[in-house]
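Residue-level listing of the chains:
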Amino acid sequence: MKLNRLFGIDSEKEISHLILDSRTQTEQGLFFCLEGLTVDGHKYTQSAIDNGCVAIVHHKELDSYQEGIEYILVDDTMDELHRVSNVFFDTPSRKMVMNTITGTNGKSTVMKTLRNILLRLGVNAGYIGTISVEYNDYIFSPSLTTPDIVELQGILNDMVNEGVEEVCLEVSSQGLSLRRVDAIHFDDASFTNLSHDHLDYHKSMEEYFKAKKILFDRLDDEAFTIINADDEYGRRLIEEGYPHLKTYGIAQSADYRAKDLVIGEFGTQFTLVHEGQEYPVETNFIADFNVYNVLNVIAILHEKGYGFDRILPELVDIEHVDGRLNRVDEGQDFKVFVDFGHAPDSMANVFKYVRSITPKENKMICVFGAAGARDTLKRPKMGKVATEMCDHVIITEHDNRNEEVVDITKDIVSGVVGDNWEFVPIRIDAIRKAIEMAQPGDSVVLNGKGEEKFIYRAFGKEDWMGDEVAASKILKGEL
């Protein structure tokens, strides 16, 4: 696409790629000088030029200018990036129905489940989130939960070209605060909950909440919102009075409310109450926190116009979401669960459910660690909740990055209660020890990594078979 189509300038230069990282090797690239938390793109224009960029978008004066390169001075580079990305990719989010969600826990479960049910209902739907990018026969890993705007617009454009009709997109608080979705038009947005996480970035729960709130403040008046009425931050959003707002919950009065919950080992039953009518619901999802996720999905679909007669039968046998309270069963006489939860609240929710299905005379054993170079304040809280709710705790590595696992563990141990814990630094050894010490009737919970097939080291990602595969191989005697 020629520069004169992207900007009101007299230039016939052809642009083939929008570039945010000056190290990216390209041809006919357009480089945007963005200012981040630690890096200012204005300092790296020469690197961008050396790597193939032919034009530079900037909002500050540069140290040098090179002949033959187009320099485009704007008021705000980020604003221009979003405007230009819509022109360059032909506004893909306006060509599909865009469903989005934010919150601490439940985003992946709700969006993946929504996508799976839409597919069953005959809608060509795609998914973008923590777990993967999926549409038609394509499945691949995203760079981030919410990709940068160029990557995201490119994926959405590919989806349009593949005939995708609806997109189910997770939006992280970092993605919102870093303005990764400013150019995206959303048709609806959901809020799950807010609990302690990512405070290394947001610094306080209030700042964390404000980042989440950005999504709802930016919605068009035609969009509808679905909010968890049982969450204190959800109630704050409800008080904002967004148009077309619907609520869901269990404890509080809500537009979509669950009552008479019967939560079993292999499924859940409850009564859905909506506009004074009651509807029996049966699902293979387990744990009370998944009742919230199911309610969210029901509300989205119903607000889209689907009747309960079409929605509720689809809930009976839902595809399980990878790494979200998945059960590993190789015929052993004790239970093994794998869950992605790596925040105190999500861990507690899982422990509460597993405890409810573990005989009183049996033990619950957990394995977990905390991420390096991330929120250190939650580490003692993780230690506290694990040692309070589990009979035996094995602390191990997670994504250590540039920290030593022993130092991370010291932070975790500062919050433990009692002496029912031990430190096993290598994750595979920790999983093996938990499984080998389990007795008939016990339960083992592997927290934190979920479906992830990598562990972050100081040098970057290292391949990891995944907790579920590791547990399965150990149970079968293959490791």
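Residues numbered from 1 in each chain as written. Predicted model: local features only at pLDDT ≥ 70, side-chain atom pairs only at ≥ 80, totals over all residues. Heavy atoms only, no water.

**Here's the deal with the overall build of the protein chain**
Argument step 1. Of regular secondary structure, the protein chain possesses 16 helices and 23 strands.
Argument step 2. For 479 residues, the compact-globule estimate of 2.2 N^0.38 gives 23 Å, and the C-alpha radius of gyration of the protein chain, at 24 Å, lies within 12% of that figure.
Argument step 3. Principal-axis analysis of the C-alpha atoms gives the protein chain an extent of 80 × 55 × 40 Å.
Argument step 4. A total of 479 residues make up the protein chain; the buried ones form 57% of that total.
Argument step 5. Sequence separation of at least 24 residues holds for 65% of the intrachain contacts in the protein chain that already meet a minimum separation of 6. (Helix = DSSP H or I, 4+ residues; strand = E, 2+ residues; numbered from the N terminus. Rg over C-alpha atoms; globule rule 2.2 N^0.38 Å. Buried < 20%, exposed > 50% of the residue type's maximum accessible area, 1.4 Å probe, protein only. Contact = heavy atoms within 4.5 Å.)

**Quick notes on the sheet that holds strand 17 (residues 335-339)**
Argument step 1. Here we have six strands laid out as an open sheet, ordered 16-17-21-18-19-20, and mixed in their pairing. Two strands in the sheet have a free side with no partner beyond their single neighbour: strand 16 (326-327) and strand 20 (421-423).
Argument step 2. As judged from the four bridges shared by strand 18 (residues 364-368) and strand 19 (residues 392-395), these two strands associate in the parallel manner. Each residue of the ladder has a partner; that of Phe368, found in strand 19, is Ile395.
Argument step 3. Of the strands in this sheet, strand 18, strand 19 and strand 20 are in contact with helix 13 (residues 378-389), which crosses strand 18 at around 160°.
Argument step 4. Helix 14 (residues 405-413) contacts strand 18, strand 19 and strand 20 of the sheet and is inclined by roughly 165° relative to strand 20. (Pairing = 2+ DSSP bridges. Axes fitted to C-alpha atoms, helices over the stretch in contact; angles between N-to-C directions.)

**Description of unusual backbone geometry**
Argument step 1. Of note in this structure, Asn136 is not a glycine but carries a positive phi near 50°.
Argument step 2. Considering the arrangement of structural elements, one finds Asn136 in the loop between strand 7 (133-135) and strand 8 (138-140).
Argument step 3. In this structure, His244 is a non-glycine residue whose phi angle is positive, near 55°.
Argument step 4. You can see His244 is positioned in the loop between helix 9 (232-239) and strand 12 (245-249).
Argument step 5. Here His244 falls in the partly exposed class, since its relative accessible area comes to 47%.

**Focus: the packing of helix 15 (residues 427-437) against helix 16 (residues 467-475)**
Argument step 1. At a minimum axis distance of 10 Å, the contact between helix 15 and helix 16 shows a crossing angle of 50°. The angle between helix 15 and helix 16 places the two elements in the oblique class. Taken as a pair, helix 15 and helix 16 cross one another with a handedness that is right-handed. Contacts between helix 15 and helix 16 involve Arg427, Ile428, Ile431, Arg432 and Ile435 from the first element and Asp467, Ala470, Ala471, Ile474 and Leu475 from the second.
Argument step 2. The class makeup of the residues in the contact of helix 15 with helix 16 is seven nonpolar, no polar and three charged. (Parallel < 35°, antiparallel > 145°, perpendicular 65-115°, else oblique. Left-handed = near helix turned anticlockwise from the far one by under 90°. Nonpolar A, V, L, I, M, F, W, Y, C, P; charged D, E, K, R; others polar.)

**Description of the packing of aromatic side chains**
Between two aromatic rings, the relevant description is the distance of the centres plus the angle of the planes.
Argument step 1. Taken as a whole and judged by the stated rule, the model has ten aromatic pairs.
Argument step 2. With a centroid separation of 5.4 Å and 40° between ring planes, the pair formed by Phe209 and Tyr233 is classed as tilted. Taken together, the residues span a long stretch of sequence, with Phe209 in helix 8 (residues 205-217) and Tyr233 in helix 9 at a distance of 24 residues.
Argument step 3. Residue class for Tyr233 comes out buried when judged on its relative accessible area of 11%.
Argument step 4. Ring centres 4.5 Å apart and planes at 50° place the aromatic pair Tyr279 and Phe308 in the tilted group. Here Tyr279, found in strand 15 (residues 277-283), pairs with Phe308, found in helix 11 (residues 308-311); they are 29 residues apart in sequence, far enough to count as distant.
Argument step 5. Among the aromatic residues, ring-to-ring pairing joins Phe191, Phe216 and Tyr242 into one connected group.
Argument step 6. The lysine or arginine in question, Arg401, covers the ring of Tyr456, its NZ or CZ lying 4.5 Å from the ring centre.
Argument step 7. Its guanidinium or amino end placed over the ring of Phe454, Lys461 lies 4.2 Å from that ring's centre, counting from NZ or CZ. (Phe/Tyr/Trp six-rings, centres within 6.5 Å; stacked < 30°, edge-to-face > 60°. Lys NZ or Arg CZ within 6 Å of the ring centre and 35° of its normal.)

**With respect to the nonpolar core**
Argument step 1. Leu30 and Met159 are the most contacted members of the largest nonpolar core, which has 52 residues in total.
Argument step 2. The element that contributes the greatest number of residues to this core is helix 5 (residues 149-161), accounting for six residues.
Argument step 3. In contact with Leu30, other than residues within four places in its own chain, are Leu3, Leu6, Phe7, Ile15, His17, Leu18, Ile19, Cys53, Ala55, Ile56, Val57 and Val84.
Argument step 4. Ile131, Cys168, Ala258 and Ile311 belong to the second largest nonpolar core, which has 37 residues in total. (Core = buried A, V, L, I, M, F, W, Y, C linked by side-chain atoms within 4.5 Å.)

**Points about the environment of Ile9**
Argument step 1. Here Ile9 lies in the loop between helix 1 (3-6) and strand 1 (17-19).
Argument step 2. Residues Ile9 and Leu475, spaced 466 residues apart in sequence, show a C-alpha to C-alpha distance of 66 Å.
Argument step 3. Among residues more than four places away in sequence, those in contact with Ile9 are Leu3, Asn4 and Ile72.

**Looking at the sheet that holds strand 7**
Argument step 1. Read across the open sheet, the eleven strands follow the order 8-7-6-9-5-10-11-12-13-14-15; overall the sheet is mixed. The sheet is open, and its two edges are formed by strand 8 and strand 15, each paired on a single side. Neighbour-to-neighbour, the strand axes of the sheet open up by a mean angle of 15°, direction not taken into account.
Argument step 2. Two elements, strand 14 (residues 268-274) and strand 15, share seven bridges in a ladder whose sense is antiparallel. Paired with Val273 across the two strands is Glu278, which belongs to strand 15.
Argument step 3. Where helix 4 (residues 107-120) meets the sheet, it contacts strand 5 (97-102), strand 6 (125-128), strand 7 and strand 9 (166-170), and its direction lies at approximately 170° from that of strand 9.
Argument step 4. Seen against the sheet, helix 9 touches strand 10 (188-191), strand 11 (224-228) and strand 12 and runs at an angle of roughly 145° to strand 11.

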